[in-house]
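These are the residues of each chain, in order.
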Amino acid sequence: MMRAGWARLPRGEGPWPWLAAGSVALSLLMFSGLVLLLAVRGLGHFWPAPLSLVALEDGRLLAGQAVREERRADGAGRERLYLTANRDLDGAIWTWVDLEEIAAESRPRDLVVLERTRWGSFQGRLLALEEERGRVEGEAAWQALEARLDELQALRRERLRDQVVVPLVRRLERETSEALVAELGAANARIRELQARMGGTRLLLESVDGRQLEQPLEQVLRAWRPNAMSTPQKLAAWGQGVWRFLSEGPRAANTAGGVWPAIFGTVLMVLLMSVVVTPFGVLAGIYLNEVAHQGRFTRLVRIAVRNLAGVPSIVYGVFGLGVFVYGIGGTLDEWFFADRLPSPTFGTGGLLWASLTLALLTLPVVIVATEEGLARVPDHQREGALALGATRVEMLTRVVLPMTTPAMLTGVILAIARAAGEVAPLMLVGVAKLAPQVPVDGEFPFLHLEQKFMHLGYHIYDVAFHGGDVEAALPLVYATALLLVLVILVLNLTAIFLRHHLRARHGVLPRR
Amino acid sequence: MSVFPSPRPAAGGPIIDFEPAASCLEVEGLSLAYGETLALRDLSLRVPRQRVTAFIGPSGCGKSTLLRALNRLHDLNDEVRLSGRILLEGQDIHAPEVEVAELRRRVGMVFQAPNPFPMSIYDNVAFGLRLQGGIRKRQMDDIVEWALQSAALWDEVKERLGSSAWTLSGGQQQRLVIARTLAVRPEVLLLDEPASALDPISTLKIEELIRNLKSQLTLVLVTHNMQQAARVSDYTAFLQEGELVEYGPTDSLFTNPRLVRTENYITGRMG
């Protein structure tokens, strides 16, 4: 507290500071609103929502998760949207219910939700579990189901098809050997054996309105009883759901499952892009600022570089397609992969070409940042080094570049931020709707630059516009968008940390 | 005292009052232009070995330009054109066999604003030695200590050789820069208004340092402070509009200038 009689000095600035501060506050508000919206809508998707048993006035029964309410189109009263699942029984998974038609609503603890590999989810009751050993009913059936699912989960972890069979087939495409064929045969036999072991078990299910259904256990991924779960259990289920979203590949034409290949593809592509663009951009910046004669031509080049930063990204995509994919890639195929033609190896979109295209797209950012960093090194530092008998190269490497490193990293940060969010050019040069195999594996050359890859940005676009069911896709879109923001944030924080570390080592330049 | 001891003819050359017995640097007919602007006009003088020579003159007279020509710092500027010769110990510094980096090691320079590198104090002094390479750690330690002592800075920094040079005060930084230059054992030390950014006490320390250093090497000082030139230099050259006007022993130039232009400048009636 200030003592009485003391006053702040009048600053006499009028409304301008308020106007400026207001615009900052507005941007902050918009940004936090965006993140909050993504977080709530996206992360809420993984929460095991309560399942209501709704009895209608006309005697019908349905089991569904309430999604939202809306005013009816004719303006009389409101209606509620339920996720009722059971596509195999009803042909649809959504049901609109007029609020006035609801006679009673309850949450019975025995309602189950099954996540299945076919037909989406099931919501209803579990009557019995049948296997060769016998048949269990009621509560015992639920306990047996949980036990079987755990076993099944353990078996799935082996992931024979993804981790053994597919790489084997890929190697067989390149070379033929007795040993590989034998290995493949053994793996297929093991898969058949496991299928047989699980194939015998069937679930007898009943929807709340009494229709019965037989469900092979092997198609069931998970099962839970949302109304019987305590909050800690729900929290654990939520955590597992988020983890599966992060660590698994997509299912059902990207409308379910996780986004791991897309995360991996995004990060890998951005890293490759940085590896290409950093040396290239830094050298170009050094040439423009330190080596080139500062004449009209250099000024022209500089203006051109700055203008390149404003070219729409799809134009870079077209360039990448024409020059990298068809031009360079096509030529590489003719020289080195002629035996595989007409099916292209490098002559089609892939990780390498996407990274190069984005490197080109972000090159101006790195050049401009490097140049500005170099321009900020005072001339007397350069002269000081020269006056001690340093050559120009020594002056650059020992005095000027260490002082410029933070600025260069700023350029790389900006480049990463721009590249990670680009989608349009990628569609032309190598992104895929579905590429569950990540382009890195244990097989020579380990990093498969010619492969197509998945990308979070494109995944959002694909899920939102190419899935049949917008209502179902929306939570995934939110979750993926949140993830994309987080990935960019992590990449940027890494670079910022690096920059801070280097600044501490080389001393900070006074701002001018 | 005669006001016009030897009136200078309108188109005559400069008054040069002395011819050093042993000259270290010789400038012969040097003209230098920045683009279309002539900064030095047909300038000739000799710099005596192991003495302090001061260049004085009004702003823009070309004294700094001349100084920077002596270790070829103008090479960096594409705009600069130059004619005439500069000899260091009898050798033309622009001769093709002269390596410019080696020349600058022999002709060290200290600038107006202290410019230590963003490194530790030790690394600053060792910078030039490391460029040459082939110096062992022990030897390096010795040279660093010797250089800092020669620059009268050792006692102030010996406890913190590892801390950043940018933590020193302005005067200390300037002495560090001098130590850094001395460490590579130059034959000539060029000082471009070395004390103009410093407080009076730091200035006195630098001036004392300059006087002490002349037993080891040849010093050339550019200053716009005439008292400073009078205090530390043995010989003084007065430049105006890119021309050498008068050059002679400091005592006689300041007490008994031969030209009215010189006297007017020294007594503060112009410039």
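Residues numbered from 1 in each chain as written. Chains lettered and ligands numbered in written order. Predicted model: local features only at pLDDT ≥ 70, side-chain atom pairs only at ≥ 80, totals over all residues. Heavy atoms only, no water.

All names here are of chain B. Viewed as axis vectors pointing N to C, helix α6 (residues 170–183) and helix α7 (residues 200–213) meet at an angle of 20°, and their least axial separation amounts to 9 Å. With respect to each other, α6 and α7 are oriented roughly parallel. Here the hand of the crossing between α6 and α7 comes out right-handed. Residues G171, Q174, R175, I178 and L182 of α6 form the contact with α7, whose participating residues are S202, K205, I206, L209 and L213. (Axes fitted to C-alpha atoms, helices over the stretch in contact; angles between N-to-C directions. Helix = DSSP H or I, 4+ residues; strand = E, 2+ residues; numbered from the N terminus. Parallel < 35°, antiparallel > 145°, perpendicular 65-115°, else oblique. Left-handed = near helix turned anticlockwise from the far one by under 90°. Contact = heavy atoms within 4.5 Å.)

A separate point is the packing of aromatic side chains. Residues and elements named next belong to chain A. Following the criterion strictly, the structure yields eight aromatic pairs over all chains and no others. Relative to F245, the ring of F46 has its centre 5.2 Å away and its plane inclined at 50°; by these criteria the two rings are tilted. Pair noted here: F46 is in the loop between α1 (16–44) and β1 (52–56) and F245 is in helix α6 (residues 231–247), with a separation of 199 residues, a long-range link. The exposure classification of F46 matches that of F245, with both residues buried. (Phe/Tyr/Trp six-rings, centres within 6.5 Å; stacked < 30°, edge-to-face > 60°. Buried < 20%, exposed > 50% of the residue type's maximum accessible area, 1.4 Å probe, protein only.)

This part takes up the sheet that holds β1 of chain A. Residues and elements named next belong to chain A. The strand order across the open sheet built from five strands is β4-β3-β2-β1-β5, with neighbouring strands paired in antiparallel fashion. At either margin of the open sheet sits one strand with a lone partner, and together these are β4 (94–98) and β5 (102–106). With direction set aside, neighbouring strand axes in the sheet form an average angle of 45°. Taken together, the five bridges between strand β3 (residues 78–83) and β4 define a ladder with antiparallel strand orientation. Looking across to β4, one finds that Y82 is bridged to T95. (Pairing = 2+ DSSP bridges.)

A word on the nonpolar core. Residues and elements named next belong to chain B. Among the nonpolar cores identified, the biggest contains 111 residues, and L45 and F55 are the most heavily contacted of them. Discounting chain neighbours no more than four positions away, the residues touching F55 are L45, K63, L66, L67, V220, L221, V222, T223, A237 and L239. Counting residues in hydrophobic clusters, the runner-up holds 35 residues, among them V52, L148, V157 and L176. (Core = buried A, V, L, I, M, F, W, Y, C linked by side-chain atoms within 4.5 Å.)

With that settled, consider the pattern of salt bridges. A side chain with one charge can pair with a side chain of the opposite charge if their charged atoms come near. Residue and element names in this part refer to chain A. Within this structure, the stated rule accounts for 28 salt bridges over all chains. E105 is the salt-bridge partner of R80, the closest N and O atoms lying 3.3 Å from each other. Highlighted residues: R80 in strand β3 and E105 in strand β5, separated in sequence by 25 residues. A residue is classified by how much of its surface remains accessible, and R80, at 16% relative accessible area, is buried. According to the relative accessible area criterion, E105 is partly exposed, its value standing at 39%. (Salt bridge = Lys/Arg side-chain N within 4 Å of Asp/Glu carboxyl O.)

Residues and elements named next belong to chain A. Burial of β1 is extensive: four of the five residues sit out of reach of the surface. Two strands pair when backbone bridges link them, and β1 and strand β2 (residues 61–71) are joined in this way by four bridges, in the antiparallel orientation. Residue pairing for β2: L53 is matched across the bridge by A63. From the end of β1 to the start of β2, which pair antiparallel, there are four residues, and G59 there has a positive phi angle of about 95°. Bridging between β1 and β5 involves four bridges; their strand directions are antiparallel. In the strand pairing of β5, L53 is matched with S106.

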